[in-house]
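Summary of the model geometry
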Amino acid sequence: MTDPAARRILVLLASTRADGNAELMARASVAALPAATEVRWQRLAELDMPPFEDIRHSVGQYPAPTGDLARLLDDTLWATDLLVASPLYWYSLPAPLKLYLDHWSAFMRVPGLDFKARMAGKAMHVLCATSSGDEPHLAAPLVDSLRFSAGYMKMRWGGAVLGDGTRPGDVLKDEAALAAAAKLLLA
Ligand SMILES: Cc1cc2nc3c(=O)[nH]c(=O)nc-3n(C[C@H](O)[C@H](O)[C@H](O)COP(=O)(O)O)c2cc1C
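Residues numbered from 1 in each chain as written. Predicted model: local features only at pLDDT ≥ 70, side-chain atom pairs only at ≥ 80, totals over all residues. Heavy atoms only, no water.

Notes on the nonpolar core
Membership of the largest hydrophobic core comes to 38 residues, with the highest contact counts inside it found for Leu44, Leu82, Tyr100, Trp104, Phe115 and Leu146. When residues of this core are traced back to their parent elements, those giving at least two are β1 (8-13), α2 (67-78), β3 (81-87), α3 (95-107), α4 (115-119), β4 (123-130) and α5 (140-152). Per element, the largest residue contribution to this core is six residues, and it comes from α3. In this structure tryptophan 104 touches Leu82, Phe115, Met119, Met124, Met153 and Met155, once residues within four positions along its chain are discounted. If you look at the next biggest cluster of nonpolar residues, it comprises 19 residues, including Ile9, Leu13, Leu33 and Ala177. (Core = buried A, V, L, I, M, F, W, Y, C linked by side-chain atoms within 4.5 Å. Buried < 20%, exposed > 50% of the residue type's maximum accessible area, 1.4 Å probe, protein only. Helix = DSSP H or I, 4+ residues; strand = E, 2+ residues; numbered from the N terminus. Contact = heavy atoms within 4.5 Å.)

As structure tokens, then:
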């Protein structure tokens, strides 16, 4: 395993509510880490992220982000591992998480940033809270879109854990999911 002191985990909370099931899973993952591991948390829904606009084939490049998006970019580049903790929304990504990923297309075109090369080799791990815990295939669109996106960026796929829950706290009854979440960052 990587030297814990060398690992830097960015937890990307993607729910639109605080203290929800995905966040509880993230706490289980982080609690299992060696004490020396550095961890930062970002709650995507609370960030002032501008809408993404596709200007790839008109302007051709993007200005460096400012404000919350700049801080999110900094944390993304700082991390060795991204831990995405997300609810399943309509079988897919919640809007704040999708918007963050869309901005990766901008980051890749900020002159001098070298975003894609700097993302290569980082790991992506996923926690997904879903009301359909007994039907894991229904979360495949979310898991696959993150796995394929990680692959596109030449990131390492650290795996996904699904947790069953509807109301906040429900996932605490899904002992298998919490145990898997606790192991997710240790592999
Ligand atoms: C807009 C919205 C869409 C949802 N879509 C799905 C879905 O497609 N499949 C599912 O199993 N649960 C769905 N859910 C339920 C959530 O995934 C579930 O309540 C989850 O535990 C929420 O995680 P959180 O507590 O971390 O926010 C949806 C919830 C919302 C608010």
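Side note on the side chain of serine 15
By the element assignment, serine 15 lies in the loop between β1 and α1 (21-31). Look at serine 15 and you get buried, because its relative accessible area is 12%. A polar atom in the side chain of serine 15 sits 3.1 Å from the backbone nitrogen of arginine 17. Sequence-distant contacts of serine 15, defined by excluding residues within four places in its chain, comprise Ala45, Ala85, Pro87 and Tyr89. (Polar contact = N/O pair within 3.5 Å; in protein donor to acceptor, adjacent residues only side chain to side chain.)

Side note on the packing of aromatic side chains
Inspection of the entire model under this criterion finds four aromatic pairs. With a centroid separation of 5.6 Å and an interplanar angle of 75 degrees, the aromatic rings of tyrosine 100 and tryptophan 104 are classed as edge-to-face. Within this pair, tyrosine 100 and its partner tryptophan 104 are both found in helix α3, separated by four residues, close to a single helical turn. Between tryptophan 104 and phenylalanine 115, the aromatic rings sit 5.9 Å apart at their centres with planes inclined by 65 degrees, giving edge-to-face as the arrangement. Of this pair, tryptophan 104 sits in helix α3 while phenylalanine 115 sits in helix α4, and the two are eleven residues apart along the sequence. Its relative accessible area of 4% is what places tryptophan 104 among the buried residues. Here the aromatic cluster, defined as three or more aromatic residues joined through ring pairs, consists of Tyr100, Trp104, Phe107 and Phe115. (Phe/Tyr/Trp six-rings, centres within 6.5 Å; stacked < 30°, edge-to-face > 60°.)

As for helix α6 (residues 175-184)
Buried within α6 are the following residues: Ala177, Leu178, Ala181 and Leu184. On an axial view of α6, the arc spanned by its buried residues comes to 115 degrees, and they lie on one face. Residues Glu175, Ala176 and Lys183 are exposed on α6 and point more than 90 degrees away from its buried face. The elements touched by buried residues of α6 are α1, β3, β4 and β5 (156-164). (Arc of directions from axis to C-beta.)

Some thoughts on the pattern of salt bridges
Pairing between side chains becomes possible if they bear opposite charge and their charged atoms approach one another. For the structure on display, the rule yields eleven salt bridges. With a closest N to O distance of 2.9 Å, aspartate 144 and arginine 147 form a salt bridge. One end of the pair, aspartate 144, and the other, arginine 147, are both in helix α5, three residues apart, so they sit about a helical turn from each other. Because the salt bridges share partners, they merge into one network encompassing Asp19, Glu23, Arg27, Arg43 and Glu46. (Salt bridge = Lys/Arg side-chain N within 4 Å of Asp/Glu carboxyl O.)

Quick look at the site of the ligand
Neighbouring the ligand are 16 residues, the closest being Ser15, Asn21, Leu88, Ser132 and Gly165. Measuring from an oxygen atom of the ligand, one finds a backbone N or O atom of alanine 129 at 3.4 Å. Glycine 165 is positioned with one of its backbone polar atoms (N or O) 2.7 Å from an oxygen atom of the ligand. Contact with the protein chains hides 78% of the accessible area of the ligand, taken as 630 Å² for the molecule alone. Breaking the shell around the ligand down by element, the ones donating at least two residues are α1 and β4. Across the shell around the ligand, the residue classes tally to seven nonpolar, eight polar and one charged. (Near = heavy atom within 4 Å. Areas by Shrake-Rupley, 256 points an atom, 1.4 Å probe, with all protein chains shown as cover. Nonpolar A, V, L, I, M, F, W, Y, C, P; charged D, E, K, R; others polar.)

Function-wise, these values are silent; they only describe arrangement.
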